[in-house]
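Close look at the chain arrangement
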Amino acid sequence: MQKLLVVGGGFAGVWAALVAAREAIHHGRELEIELVSKDPYLTMRPRLYEPDPESLRIPLVPVLEPVGVELLVATVKGINPSSKTVEVSAENGPEILSYDRLILAAGSHLAAPPVPGLAEYGWSIDDYEASVAFDKHLQALAAMPYVPGRDSFVILGAGFTGIELALELRRRIEIHSGAERAAKAAIFLVDREATVGASLGANPRPVIEAALADAGVNLRLNAKVTSVGEGHILLETGESIETRSVISTAGLTASPLTAQLPPERDEMGRLPTDVTLRVIGVEGVYAAGDVARAYVDDENIALMSCQHAIFMGQMAGFNAAHDLLDLPLRPYRQPFYQTCLDLGRSGAVYTTGWDRQVQKIGEEAKKLKSFINSQLIYPPRDDRAAILAAADIDARDEDRTAAAS
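Residues numbered from 1 in each chain as written. Predicted model: local features only at pLDDT ≥ 70, side-chain atom pairs only at ≥ 80, totals over all residues. Heavy atoms only, no water.

When helices and strands are counted, the protein shows 11 helices and 24 strands. The C-alpha radius of gyration computed for the protein amounts to 22 Å, which stays within 12% of the reference 22 Å derived for 405 residues, consistent with globular compactness. The dimensions of the protein, computed from C-alpha atoms along their principal axes, are 65 × 50 × 40 Å. By residue count, 54% of the 405 residues in the protein fall in the buried class. By sequence separation, contacts in the protein at least 24 residues apart represent 65% of the contacts at least 6 residues apart. (Helix = DSSP H or I, 4+ residues; strand = E, 2+ residues; numbered from the N terminus. Rg over C-alpha atoms; globule rule 2.2 N^0.38 Å. Buried < 20%, exposed > 50% of the residue type's maximum accessible area, 1.4 Å probe, protein only. Contact = heavy atoms within 4.5 Å.)

Right under this line is the structure:
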């Protein structure tokens, strides 16, 4: 039996495995599918700015097992495309896994800027462990006697994650420290760009700026951090902000596993792929999600986002399975682009198109954001029929269109 190996237990990897399994079952063919993940959970990474991060992951076995996907909890140490093998470190020691086709979906991580003191004194919400640690830090602050900077919070990066965290932070502080301290807390949003949400474009910016102003977030734009210390952060302007909480949200880079393959990577560490998501120049290897530099249309490249990772994973799983089963492949195309940015108590802002035309704001957009975060990004569990239905890429495409309307 031929084997498809999927590396990565995030959105791209999970959906790649599910769609591949669905295609094999649908066509009445046998295909061994194994997914390698560093832990046995799927983390809801887009939600890690929210309270209670410990609740924001689900076990993988109930998602994968009903459709025959095997889960191996292990850390990948090396990829050898010449021998079609992957070296892993599992609970029982090192193993060498062979494959006929490989899907690399190992995701990305935060590459914090090389600011003196940031690694030692900074926090992040980049992954499950970091988010839980930050939440425990908020709990510890609640019990801490007053010291300068105790109730001051500095978020580095005024992009998607930084904005959402800034506008959710008072609620998180209130949960641990009470309403009075939450209301008095000083929240700073710092970015080297001249505008808030520079990558989000001009159209939603007035809505975002109004929400930040309403939430009492202090902006520091055109600002470069020169150092972080125990109890303070220093900006290039000479301003020093007393704080016990510096949270970095900027600077994603692809998994270092991409360096195991020969193609030249882009500035974010991503591998070049062709229209079917094959890694260019590497036989038998596909890439999906944050490790793939893939065009969504004739002009635009997929972003490091859940939105692109899910469908890219689905298409990589479809094509890798069809490749093994000698069935037709399909081009990856995802021309419909949308964003839904949580604005805390100001609701949300929903945009469509790469020019980000605002379609919904306030509570109307918040309902859509809630649907995305609490339902749309979650795969079915413990239900073979529901999992197979969700892994039908034609039906999923119809669902995405309906959800946005």
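Let's shift gears to the state of the cysteines. Going through the model one piece at a time under the given rule, you end up with 0 disulfides. The closest cysteine sulfur to the non-disulfide-bonded Cys 306 is located on Cys 340, 12 Å from its own sulfur. (Disulfide = S-S within 2.5 Å.)

Moving on, we come to the packing of helix α4 (residues 128-143) against helix α5 (residues 160-177). At a minimum axis distance of 8 Å, the contact between α4 and α5 shows a crossing angle of 55°. Our classification of the angle between α4 and α5 gives oblique. When you trace α4 past α5, the crossing you get is right-handed. Residue-level contacts link Ser 131, Phe 134, Asp 135, Leu 138, Gln 139 and Ala 142 of α4 to Leu 169, Arg 172, His 176 and Ser 177 of α5. Grouping the constituent residues of the contact of α4 with α5 by class yields 4 nonpolar, 4 polar and 2 charged. (Axes fitted to C-alpha atoms, helices over the stretch in contact; angles between N-to-C directions. Parallel < 35°, antiparallel > 145°, perpendicular 65-115°, else oblique. Left-handed = near helix turned anticlockwise from the far one by under 90°. Nonpolar A, V, L, I, M, F, W, Y, C, P; charged D, E, K, R; others polar.)

Here we come to the pairing of strand β8 (residues 101-104). The side-chain alternation of β8 yields two buried faces, one formed by Arg 101 and Ile 103 and the other by Leu 102 and Leu 104. As paired elements, strand β1 (residues 3-7) and β8 share 4 bridges and run parallel to each other. Looking at the pairing, Leu 4 lines up with Arg 101 of β8. (Pairing = 2+ DSSP bridges.)

This part is about the sheet that holds strand β12 (residues 186-190). Pairing is parallel in the open sheet, where 5 strands are placed in the order β10-β17-β11-β12-β13. Both outer strands of the open sheet, β10 (122-124) and β13 (217-220), are each paired with one neighbouring strand and no more. Recorded for the sheet is a direction-independent mean angle of 30° between the axes of neighbouring strands.

Tallying each qualifying case throughout the model produces 2 aromatic pairs. Aromatic side chains Phe 311 and Tyr 332 sit 6.0 Å apart centroid to centroid with 45° between the ring planes, which places their arrangement in the tilted category. Here Phe 311 is found in helix α8 (residues 306-325), whereas its partner Tyr 332 is found in the loop between α8 and β22 (338-342), with 21 residues between them in sequence. With a relative accessible area of 1%, Tyr 332 lands in the buried category. An angle of 15° between the planes, with centres 4.2 Å apart, marks the rings of Tyr 337 and Trp 354 as stacked. Pair noted here: Tyr 337 is in the loop between α8 and β22 and Trp 354 is in the loop between β23 (348-352) and β24 (357-361), with a separation of 17 residues, a long-range link. (Phe/Tyr/Trp six-rings, centres within 6.5 Å; stacked < 30°, edge-to-face > 60°.)

This part is about the side chain of Asp 151. Inspection of the secondary structure assignment puts Asp 151 in the loop between α4 and β11 (152-156). A polar contact is formed between the side chain of Asp 151 and the side chain of Arg 150, at a distance of 2.8 Å. Residues contacting Asp 151, with those up to four places away along its chain left out, are Arg 181, Ala 185 and Ala 186. (Polar contact = N/O pair within 3.5 Å; in protein donor to acceptor, adjacent residues only side chain to side chain.)

Moving on to the side chain of Arg 47. Relative to the helices and strands, Arg 47 resides in the loop between β3 (41-43) and β4 (57-59). A distance of 2.9 Å separates polar atoms of two side chains, one belonging to Arg 47 and the other to Glu 50. Beyond its immediate stretch of four places on either side in the chain, Arg 47 contacts Leu 56, Asn 373, Ser 374, Ile 377 and Tyr 378.

Now for the confidence of the model for the protein. It should be kept in mind that the predicted coordinates are not to be read in detail where pLDDT is low. With 98% of its residues at a pLDDT of 70 or more, the protein has an overall mean of 96. pLDDT under 50 marks residues 398-405. Its contacts with residues more than four places away, or in other chains, come to 10 contacts. (pLDDT = per-residue confidence, 0-100.)

Once that is clear, we can look at the pairing of β12. Counting buried positions along β12 yields 4 of 5 residues, so the element is predominantly enclosed. Where β12 lies against β13, 4 bridges are found, and the strand directions are parallel. Each bridged residue has a counterpart across the sheet, and for Leu 189 the counterpart in β13 is Leu 219. Regarding topology, helix α7 (residues 205-214) serves as the crossover connection from β12 to the parallel β13, and that connection is right-handed. (Right-handed = clockwise from strand over helix to strand, strands pointing away.)

Before going further, it helps to examine the sheet that holds strand β16 (residues 240-242). Taken in spatial order, the 3 strands line up as β14-β15-β16 in an open sheet, and their pairing is antiparallel. The sheet is open, and its two edges are formed by β14 (225-229) and β16, each paired on a single side. Ignoring strand direction, the axes of neighbouring strands in this sheet form an average angle of 15°. For β14 and strand β15 (residues 232-235), the ladder comprises 4 bridges, and the chain directions are antiparallel. For Val 228, the partnering residue across the bridge sits in β15 and is Ile 233.

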